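Letter by letter, the chains look like this.
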Amino acid sequence: MIRSIRLDRGALGWATVVVAAYVLGTIVVAHFQPARVNPAMQVAIALAHGRLNIDLPPGTNDTATVGGLTYQVISPLPIVPYLLFVPFPALWAVSRLIIGCALGIVAAWLALPFARRYAGPAPQAYWLATLGAFGTLLFDLSIQGDFYYLAQVEAMLFTLVALIEFAGRRRPWLLGLALALASLARPTLILAAIPLGLAVLASKEGRARSFLLFALPLILGVALTGVYDALRFGTPWQTGYGISTVGNPVLAQARSIGLFSLQHVPDNLARLLARGFDLRATFPYLVPDPYGDAILLTSPGLLAAVGAGLRRDGAWALWSAAGLLTAALLLYYGGGGWETYGFRYFLDAVPFLLALVGLAARDRLGALEKVLIVLSVGFVGYDLVWIAFR
């Protein structure tokens, strides 16, 4: 995969634009946010001292207390980059911004080789890359320094790696490894392994060997998560999300119904498809809903995915992966991902829809599709306006 990434002028220019935009966005956010050591940094510091519990009082939001010890409820992968900052206390407060921006830049840079695989040569590739890097919540989540947002950024990064490989040589071990890493950030992404794995196995000879190579990284990822949870909560079956303190009464009421429930679907579906901005009398006038806004409002360019159909190579697997992930988030009690701009949980499914947009762009990338991409960039960028003036 790495050999196929062409470091031509276009790629270098793209990298320059990505770095400039993500760094500038991070600087803007830093200006309006106080410096602080976030919980992921605290977990990394504790882990360096041989423990997973952190020094927060029981009842702190998004923590779970078991056996008198308090643990931050967080998936394992977002902690890893913070370990690099443990020896440098002077950087603890800014580590969250550095990590989010750096990993966001990598994911956004990957949007160009990803686009070349799915949309073909320029200019289609640059339009798709722009949608992926600046017209989805990848940009907003990368620049804000939130460790929950970091999980989505890491998941999208490794999902893009998986999809680049899926459109190329389809090596089972690499595809399985990328999806395993994505699921260590966002566990729901393990669902994408089902259709992608079936598509890979259908295209390979020696299916038993291919299955083992694909499944082994996924099994190791699930086992690692189980060990991580067992060390914290005494059992690999307890993730902490069902027993954590939820300070928001709306979410607490929703969770009392169940972490996953059909009763959550109507509200989540209405929010995902139809929730718009509210209005106020003062600038900037448009008020996002912290529980989530419609994906077609913040990223309308994804609508172009419908042009991919089902008959293209791999399209059925991409649609299936997006469908499974969407079903999981609709069943979840958390809405769009409090506190959020747009519907951040849906970012799990976005890379698969981006791939479908690319397939559709091979046949058609007309004025309507370009307008939708420009609108996507504008609405995603509006989050910076909201941060500055809310």
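With that settled, the discussion passes to helix 14 (residues 315-331). Taking 1.5 Å of rise per residue, the 17 residues of helix 14 would be expected to cover 24 Å, and the 24 Å separating its terminal C-alpha atoms lies within 8% of that figure. Those residues of helix 14 lying buried are A315, A317, L318, A321, A322, L325, T326, A328, L329 and L330. Buried residues belonging to helix 14 abut helix 4 (95-119), helix 7 (147-166), helix 9 (193-202), helix 12 (265-274) and helix 15 (350-361).

A residue-level look at the protein finds 98% of positions with pLDDT of 70 or above and a mean pLDDT of 94. Mean pLDDT across the secondary structure elements of the protein bottoms out at helix 13 (residues 295-298), with 91, and peaks at helix 3 (residues 80-83), with 98. Across residues 1-5 the pLDDT falls below 50, and counting only partners more than four positions away or on other chains, this stretch makes eight contacts in the model.

Further remarks concern the packing of helix 8 (residues 172-185) against helix 10 (residues 207-233). Where helix 8 contacts helix 10, the axes come no closer than 7 Å and their chain directions differ by 20°. By the criterion of interaxial angle, the relationship of helix 8 to helix 10 is roughly parallel. Note that helix 8 runs across helix 10; the crossing there is right-handed. Taking contact as the criterion, the partners of P172, W173, L175, G176, L177, L179, A180 and L184 in helix 8 are, on helix 10, S210, L213, F214, P217, L218, G221, L224 and T225. Split into classes, the residues belonging to the contact of helix 8 with helix 10 amount to 12 nonpolar, four polar and no charged.

Turning next to the pattern of salt bridges. If the charged atoms of two oppositely charged side chains come close together, the side chains can form a pair. Evaluated as defined, the whole model comprises 11 salt bridges. A salt bridge links D313 to R170; the nearest nitrogen and oxygen atoms lie 3.5 Å apart. Here R170 lies in the loop between helix 7 and helix 8 and D313 lies in the loop between helix 13 and helix 14, a separation of 143 residues in the sequence. Taking relative accessible area as the criterion, D313 reaches 64% and is therefore assigned exposed.

Okay, the nonpolar core next. Within the largest apolar cluster, 101 residues are counted, with the highest numbers of intra-cluster contacts made by Y22 and F352. Aside from chain neighbours lying at most four places away, what touches F352 is T159, L163, L189, A192, L196, L318, A321, A322 and L325. Among the nonpolar cores identified, the runner-up in size contains 21 residues, and I45, I54, V73 and L150 belong to it.

When helix 2 (residues 39-48) is considered as a whole, its buried residues turn out to be A40, M41, V43, A44, I45 and A46. A positive backbone phi angle near 85° is found at G50, which sits one or two residues after helix 2.

It is worth spelling out the environment of L272 at this point. Tracing the chain through its elements places L272 in helix 12. Residue L272 is classed as buried on the basis of its relative accessible area of 3%. Distance in space between the C-alpha atoms of L272 and I295 is 5.7 Å, their sequence separation being 23 residues. Leaving out residues up to four positions away in the same chain, L272 has contacts with A294, I295, L296, T326, L330, F343 and F346.

What follows covers unusual backbone geometry. Of note, the amide linkage connecting A122 to P123 takes the cis form, showing an omega dihedral of 5°. One can find P123 in the loop between helix 4 and helix 5 (124-134). With an omega dihedral of 10°, the bond running from F283 to P284 counts as a cis peptide bond. Tracing the chain through its elements places P284 in the loop between strand 3 (278-279) and strand 4 (286-287). The phi dihedral of D62 falls on the positive side, at around 65°, and the residue is not glycine.

The rules behind these values
- Residues numbered from 1 in each chain as written.
- Predicted model: local features only at pLDDT ≥ 70, side-chain atom pairs only at ≥ 80, totals over all residues.
- Heavy atoms only, no water.
- Helix = DSSP H or I, 4+ residues; strand = E, 2+ residues; numbered from the N terminus.
- Expected span 1.5 Å × (residues − 1).
- Buried < 20%, exposed > 50% of the residue type's maximum accessible area, 1.4 Å probe, protein only.
- Contact = heavy atoms within 4.5 Å.
- pLDDT = per-residue confidence, 0-100.
- Axes fitted to C-alpha atoms, helices over the stretch in contact; angles between N-to-C directions.
- Parallel < 35°, antiparallel > 145°, perpendicular 65-115°, else oblique.
- Left-handed = near helix turned anticlockwise from the far one by under 90°.
- Nonpolar A, V, L, I, M, F, W, Y, C, P; charged D, E, K, R; others polar.
- Salt bridge = Lys/Arg side-chain N within 4 Å of Asp/Glu carboxyl O.
- Core = buried A, V, L, I, M, F, W, Y, C linked by side-chain atoms within 4.5 Å.

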